[in-house]
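The primary structure of each chain is shown beneath.
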Amino acid sequence: GAALLTAAIVLWGFGRAADRREVLMVAEAIGQGEPVEAGDLTTSFVAVDTPTQLYSADQRSEIIGTLAATDLAPGDLVGPSAVTSGEPLPDGWQRIGGLLRAGNYPSSITIGDNMLALPQEGEPTGVEVLVVDVSIGDDRAALVVLAAPPSDAGRVAQWSADENLILVGVDQ
């Protein structure tokens, strides 16, 4: 009786091992906005009872070169919310979020574009910004993350908060 029970437990354990998946895990601390490098990642096996959004070990090459969306510590498991494909910021520049209505940005806007941020009303002096991330909605409104020099980030953020921000493309 006891041997049969032990054998059943061992077989159950081996069966559960098949439900484990090798996923990406942070090996070295990565600061928000820093690129993910090969040495920053390792793998770990996790038990999977339901579908998961963690990146599998075979997706490692897709993740290397992306940016940490938040500070990542050793042992953190890597999923879509941990990384972004945005552009790295120039030294000292700050991120600014904004929502722009259709017509307030060039339709060709893409990550990495250099733009001139301007207020729709008020001072005509523009600020050079970098498009760090952009997502266009069904209504053609653009959810953007811009980077600006610290001396100008406050003005751009205020224009964004006041729904007074427009972006103009500049020649590269």
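This text goes with the structure placed above it.
A few points about the side chain of Asn 104
Mapped onto the elements of the fold, Asn 104 is located in the loop between β5 (94-100) and β6 (114-119). Non-local contacts of Asn 104, meaning those with residues more than four positions away in its chain, are made with Gln 120, Leu 165, Ile 166 and Leu 167.

Some words on helix α3 (residues 150-161)
For α3, spanning twelve residues, the distance from its first C-alpha to its last is 17 Å, which sits close to the expected 16 Å at 1.5 Å a residue. Of all the positions in α3, only Asp 152, Ala 153, Val 156, Trp 159 and Ser 160 are classed as buried. An end-on view of α3 places all buried positions within 130 degrees of arc, on one side of the element. Set apart from the buried face of α3 by more than 90 degrees, the exposed residues are Ser 151, Gly 154 and Ala 161. Along its buried surface, α3 packs onto β5, β6, β7 (127-136), β8 (142-148) and β9 (165-169).

A few points about the environment of Ser 135
Mapping Ser 135 onto the fold places it in strand β7. On the basis of relative accessible area, Ser 135 is assigned to the partly exposed category, the value being 42%. With 26 residues separating them in the primary sequence, Ser 135 and Ile 109 have C-alpha atoms 9.6 Å apart. Look past the residues within four positions of Ser 135 in its chain and what remains in contact with it is Ala 141, Ala 142 and Leu 143.

Rules used in this analysis
Residues numbered from 1 in each chain as written. Predicted model: local features only at pLDDT ≥ 70, side-chain atom pairs only at ≥ 80, totals over all residues. Heavy atoms only, no water. Helix = DSSP H or I, 4+ residues; strand = E, 2+ residues; numbered from the N terminus. Contact = heavy atoms within 4.5 Å. Expected span 1.5 Å × (residues − 1). Buried < 20%, exposed > 50% of the residue type's maximum accessible area, 1.4 Å probe, protein only. Arc of directions from axis to C-beta.

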